[in-house]
Amino acid sequence: MDGVLHFPDGSTLDTGAFLLLGMLLFVIGAAGVMIRRNPLVILICIELMLNAVNLTLITFARQLQNLEGQLFALMVMTVAAAEAVVGLAVLVDIFRVREVEDIDDLSELKG
Amino acid sequence: MVAVVFWIAFIVALLGGISVVWQREPLKSVLSLVAVMIALSVIFLILSAQFVFAVQVIVYAGAVMVLFLFVIALMGPDREGRSQRLRFQGWLALLMVAVFAGLGWAMLSGIQFRAPEKTNINLFGTVQQIAAGLFSTYLYPFEVTSFLLLVAAIGAIYLSRRERD
Amino acid sequence: MQDTAILALLVLLFPATGAVLHAFFGWRWPRALTMLLGPGVVWLSFICVVILFAGQIVDSRPTDSTYWTWITSGSFTTPFNLLVDNLSVFMCLVITGVGGLIVTYSVGYMEHENNASYARFFCYMDLFVFSMLLLVLAGNFVFLIVGWAMVGLSSYLLIGFWYQRPSAVVAARKAFVMNVIGDIGMILAAFLIWVTYHSVVFRDVFGRTGRSDSGGLEIICFLLLIGAVAKSAQLPLHTWLPDAMEGPTPVSALIHAATMVTAGVYLVGRMHPLFDVATYAHDAVALIGAVTALFAATIAFVQTDIKRVLAYSTMSQIGYMFLAVGLGAYSAGFFHLLSHAFFKALLFMAAGNVIHAMADEQDIRKFGGLWKDMRTTSLCFLVGALSLAGIIPFVGFWSKEVVLGDAFSRGDPFALAMWAIGFVTALGTGFYTGRMFYLAFWVPKSPERPVEHPHEAPPTMLIPIGILALLSTIGGFIQINAGFHNGWKLVDSFLQPAVGALGWEERSLEYIATAATVLLGAFTFFLAYRFYVQRRWDPAVLRSRYPWLQTLLERKYWFDEAYDAAFVRPMDWLGAALNRYVDRPIINGAVLGVGARTEETASDLSLTQSGYFRNYVLVFTVGVVILLAAVMIRGAIG
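Every chain is numbered independently, its residues counted from 1 as its sequence is written. Here the convention is simple: chains get letters from A, ligands get numbers from 1, in the order in which they are written. Side-chain atom pairs in this predicted model are given and counted only at pLDDT of 80 or more, local residue features only at pLDDT of at least 70, and totals for whole chains, interfaces and linings cover all residues.

Draft legend 1. Geometry of the overall build of chain B. Each helix is a run of DSSP H or I of at least 4 residues and each strand a run of E of at least 2, with the numbering of both proceeding from the N terminus. Each helix and strand counted, chain B has 6 helices and 0 strands in total. Of the regular secondary structure in chain B, the N- to C-terminal order runs α-α-α-α-α-α. Using C-beta atoms placed from the backbone, we call a residue buried if 20 or more other C-beta atoms fall within 10 Å of its own, exposed if 12 or fewer do, and partly exposed for counts in between. Looking at the 165 residues of chain B, the share that counts as buried comes to 28%. Long-range pairs, those at least 24 residues apart, make up 57% of the contacts in chain B between residues at least 6 apart in sequence. Any pair of residues counts as being in contact when their C-beta atoms, constructed from backbone geometry, are within 7 Å of one another.

In structure tokens:
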């Protein structure tokens, strides 16, 4: 199969384009997690990665005409929300004690 | 027509993603992410995921991102400066993700897609279909996920309560 | 025959049980129980032995009872079997009878110990009695060696009983090491016996020996001889015996006079079918015995510690026993064993009384005047001394007479040479015995005497001595050779089924030799009187005229020094060298090294825990990349 998606108005797009976007966003998010030092921004980059994954899921759902992909994407969204909430709560807790600008400051659990 | 919309959304998402990582101020990062999400939701619509499109806009971009905004507004720092530590981290990270991207592309370009199953494309991704799946075959994950949300909510309340004694 | 089997087992079980009970409970039960149980189990054993003895008189055939099979490995089987024949019963009588008296004596002698120590002593004594009984009752080589080794162990434990004393610990170790040398000889002999005869059971082996095996048997018998020499403190493995006097006096009496040191004699007697064929080894036994007898007697001339005099005297008398069994006069040797057990145990215990009364002083030059203060002990000691010197009518006379008489009667040049050495030794024996008695008891009180009014010993210590004195007086009459052709030869006739009859006839010339021995022995005993009591000739003058002689004897012919230089120093050096170059760097290094290297590695690895979140994510990503690559490569290949 060639993975070409047909649309009602007659235009076609290759599945690969969607997947490419997904992969690029994922990779950018991963780079962000590793490079940025603000804890909040790191959480945001994680959200970006999750969104990329969602995109991939929806793409395959459309390509294979199987609804499971979309359902799974919904679950991912839910879990992402939950995880963002808890993560922010933890950060808020830490922020109360000290002003954390740089995640490298939180490095007591070492060697 | 659809293709044009798609490509616009593609570019917006990509630029937004880069902006998320590039921006020095967290506030701007969040706003970039919102843009990415809106673009993605358009793409979802293109991919016949109407319900997911709606949920993405309302819940994800609407609620979760607002939450982030609030937290940043209340207690986030303004800027992120340069760092003395882990000097090679940045370069190594970029190298790794480049390799990863290369591998991913190599994998995806050789992909042989399965034949799609026979469904009615007009009904695909509608609320009815999603509801049918969610409340029959996938009831268990649904319930568990709702429980997870409950737990997360309780946890968040607990963690952020004021008194500390 | 079932009864014999049960009785034999009981003989072993009583002291074994005693030892075990004392070991586990003796330290916390009342002292009275130890006083009862310690000797009690030995006496119970004695009763069983007496019953067995009576049985053997009625029916003198041996009984070999197998109780169970201990080892079965391929074609090698070792049963646990006990051989009850006239010889083993004879030995058991000595062990349990004289042993019982000595253990009873030690109830009083050891009373100054605390409860735990007291119990420990009787535990060890019972252990020893058990081991010795096992040695003589064993029906095969393996259990003989087991008993042999355990006797050595008991000796070590008892010599070093007062382990807080460094000299005792050293002496115990010395005894044990020399005993082990003997054990090696025994074990090698057992190996050779297995290889040659394919059995370790006595009955089987003795049945299969023949004249043609003489070459192999010579080697086997020489190896057995090494064991006997070590255990019986004969030349050249004799140096441990004088040092063994560090142990308590009852220990010296039991182990180093009456029983353990006689194990070598028993061995030759038991193995007589082998020695009868291996004539060189057999002659070696006699030669070693004779030379040791003379050698030890000369050293006894200059000893000042009463126990050392007795120790060298023991060495000398065992030499007589070796002489006898080495020439083939087995009953003579065993009769002397019996009589020596009587009078030597008596002498040691009487000496123990004196030591006790003298507040642990053992130098005879510091005694004197004890004849007045401790009449009973002195009298008993005198009986023992006369016995040792071989004066009629005491038992020592009869048994020494049999030994020398049988040697003389054999008539061949070798036997006569042995007889001559024995004769000269008897003269020496008379002299040193007299010296010992006079200096310790007869001469006026020495100014250096530590105790003003020494008190006589309590009944528990006097009664056993009294019994032995009585036995030493009348015991000789069970075997009368001299002067009576159809004499009463109870020992001969009892032991004959086990060790065979004397291979030659008595000669009438023998009686002249006997008379000469007695008279000259008495003469030298009296000569000592002239030297030491009447001071007719001052020994100090002799000493100044021949100082080298004095030194030679005092230094025990430099044996200890020679062994020290030849064996002890090299071994010490070797041990130290191995410790420095092998044990510490290599073995310790390896063991500790494992630990150290592990620690180092862990320490290095812990550096990866940098604490930085971003680092961890990076490593994570690297892992994912690698996995992805691996999957893809596998997919590309496969």
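Having seen the model, we can carry on.
Draft legend 2. Representation of the overall build of chain C. Across its full length, chain C holds 26 helices and 2 strands. Taking all 638 residues of chain C together, the buried fraction comes to 51%.

Draft legend 3. Seen up close, the interface of chain A and chain B. At the junction of the two partners, chain A supplies 62 residues and chain B supplies 72 residues. Put simply, the parts of the chain that give the side of chain A that touches chain B at least two residues each are helix H1 (15–35), helix H2 (39–64) and helix H3 (68–97) of chain A. The element best represented in the side of chain A that touches chain B is H3(A), accounting for 19 residues. Under this grouping Gly is polar, as are all residues other than the nonpolar Ala, Val, Leu, Ile, Met, Phe, Trp, Tyr, Cys and Pro and the charged Asp, Glu, Lys and Arg. Of the residues contributing to the side of chain A that touches chain B, the split by class is 40 nonpolar, 13 polar and 9 charged.

Draft legend 4. Spotlight on the pairing of strand E2 (residues 76–84) of chain C. All names here are of chain C. Bridge count between strand E1 (residues 63–73) and E2: 9 bridges; the pairing is antiparallel. Pairing of aspartate 64 across the sheet is with leucine 83, part of E2. In this structure, the hairpin formed by E1 and E2 is closed by a connection of 2 residues, where glycine 74 is found at a positive phi of approximately 65°. Two strands are counted as paired when DSSP detects at least two bridges linking them.

Draft legend 5. Inspection of the nonpolar core at higher detail. Counting 202 residues, the largest nonpolar core has Leu133(C), Leu137(C), Leu323(C), Ala345(C) and Leu346(C) as the members making the most contacts within it. At 19 residues, helix H15 (residues 330–357) of chain C tops the list of elements feeding residues into this core. Remark: nonpolar core denotes a set of buried Ala, Val, Leu, Ile, Met, Phe, Trp, Tyr and Cys residues whose joining runs through C-beta atoms within 7 Å. Within the second largest apolar cluster, 77 residues are counted, among which are Leu40(A), Ala89(A), Ala61(B) and Ala93(B).

Draft legend 6. Spotlight on the interface of chain A and chain C. With 11 residues of chain A at the interface, the matching set in chain C holds 11 residues. Residues that form the side of chain A that touches chain C fall into these classes: 6 nonpolar, 2 polar and 3 charged.

Draft legend 7. Main features of H1(A). In this scheme, a helix's expected span is set at 1.5 Å multiplied by one less than its residue total. Taking 1.5 Å per residue as the helical rise, H1(A) with its 21 residues ought to reach 30 Å, and the 30 Å between its terminal C-alpha atoms agrees with that figure. Burial within H1(A) is extensive, with 17 of its 21 residues counted as buried.

Draft legend 8. Representation of the environment of Cys221(C). Following the sequence through the fold, Cys221(C) ends up in helix H8 (residues 214–231). If near-sequence neighbours (up to four positions away) are discounted, Cys221(C) is found in contact with Leu274(C), Phe275(C), Ala278(C) and Ala281(C).

Draft legend 9. Spatial organisation of unusual backbone geometry. Geometrically, the link from Leu235(C) to Pro236(C) is a cis peptide bond, its omega value of -10° lying close to zero. For Pro236(C), the position within the fold is in the loop between H8 and helix H9 (240–243). Positive phi outside glycine occurs at Ser48(B), with the angle close to 60°. By the element assignment, Ser48(B) lies in the loop between helix H2 (26–46) and helix H3 (50–75). For Trp558(C), which is not glycine, the phi torsion reads 60° and is therefore positive. Relative to the elements of secondary structure, Trp558(C) occurs in the loop between helix H24 (547–554) and helix H25 (559–605). Take Trp558(C): there are 12 C-beta atoms within 10 Å of it, and that puts it in the exposed class.

Draft legend 10. Highlighting the environment of Gly38(C). All names here are of chain C. Within the secondary structure layout, glycine 38 lies in helix H2 (residues 31–58). Along the primary structure glycine 38 and glycine 18 are separated by 20 residues, whereas in three dimensions their C-alpha atoms are 6.6 Å apart. Residues within four places of glycine 38 in sequence aside, it is in contact with Gly18, His22, Val103, Val107, Phe122, Met125 and Asp126.

Draft legend 11. Inspection of the environment of Phe46(C) at higher detail. In this structure, Phe46(C) sits in helix H2. Once residues within four sequence positions are removed from consideration, Phe46(C) is found in contact with Thr96(C), Gly97(C) and Gly100(C).

Draft legend 12. Molecular detail of the confidence of the model for chain C. Residue and element names in this part refer to chain C. Per residue, pLDDT measures the predictor's confidence, with a range of 0 to 100. Per-residue confidence for chain C gives a mean pLDDT of 85, with 96% of residues at or over 70. When pLDDT is averaged over each helix and strand of chain C, the minimum, 71, is found for helix H23 (residues 539–545) and the maximum, 93, for helix H5 (residues 141–159). Prediction confidence for the complex, expressed as pTM and ipTM, is 0.70 and 0.90 respectively.

Draft legend 13. Highlighting helix H26 (residues 613–637) of chain C. Counted at 1.5 Å a residue, the expected span for H26(C) with its 25 residues is 36 Å, and the 36 Å between its end C-alpha atoms agrees. Looking only at H26(C), the buried set comprises Arg614(C), Asn615(C), Leu618(C) and Thr621(C). Tucked into the core, H26(C) has its buried residues touching H1 of chain A together with helix H4 (89–109) of chain B.

Draft legend 14. Broad picture of the packing of H3(A) against H3(B). Note on method: axes are straight lines fitted to C-alpha atoms, helices fitted across the in-contact stretch only, with angles between N-to-C directions ranging 0 to 180 degrees. Contact geometry for H3(A) and H3(B): axes closest at 11 Å, N-to-C directions at 10°. On the basis of the axis angle, H3(A) is roughly parallel to H3(B). Residues Gln70(A), Ala73(A), Leu74(A), Met77(A), Ala81(A), Ala84(A), Val85(A), Leu88(A), Val92(A) and Phe95(A) of H3(A) pack against Val52(B), Val55(B), Val59(B), Tyr60(B), Val64(B), Leu67(B), Val71(B) and Met75(B) of H3(B). Taken together, the residues of the contact of H3(A) with H3(B) sort by class into 17 nonpolar, 1 polar and no charged. Here the angle decides the label: under 35 degrees means roughly parallel, over 145 means roughly antiparallel, 65 to 115 means roughly perpendicular, and every other value means oblique.

Draft legend 15. Layout of the packing of H2(A) against helix H1 (residues 2–22) of chain B. Taken N-terminus to C-terminus, the directions of H2(A) and H1(B) make an angle of 160°; their axes are 10 Å apart at the nearest point. As summarised for this structure, H2(A) and H1(B) are arranged roughly antiparallel, according to the angle between their axes. Relative to H1(B), H2(A) is oriented so that their crossing is left-handed. Residues Ile44(A), Cys45(A) and Leu48(A) of H2(A) form the contact with H1(B), whose own contacting residues are Gly17(B), Val20(B) and Val21(B). Within the contact of H2(A) with H1(B), the residues separate by chemical class into 5 nonpolar, 1 polar and no charged. Each crossing gets its hand from how the near helix is turned against the far one by less than a right angle, where anticlockwise is left-handed and clockwise is right-handed.

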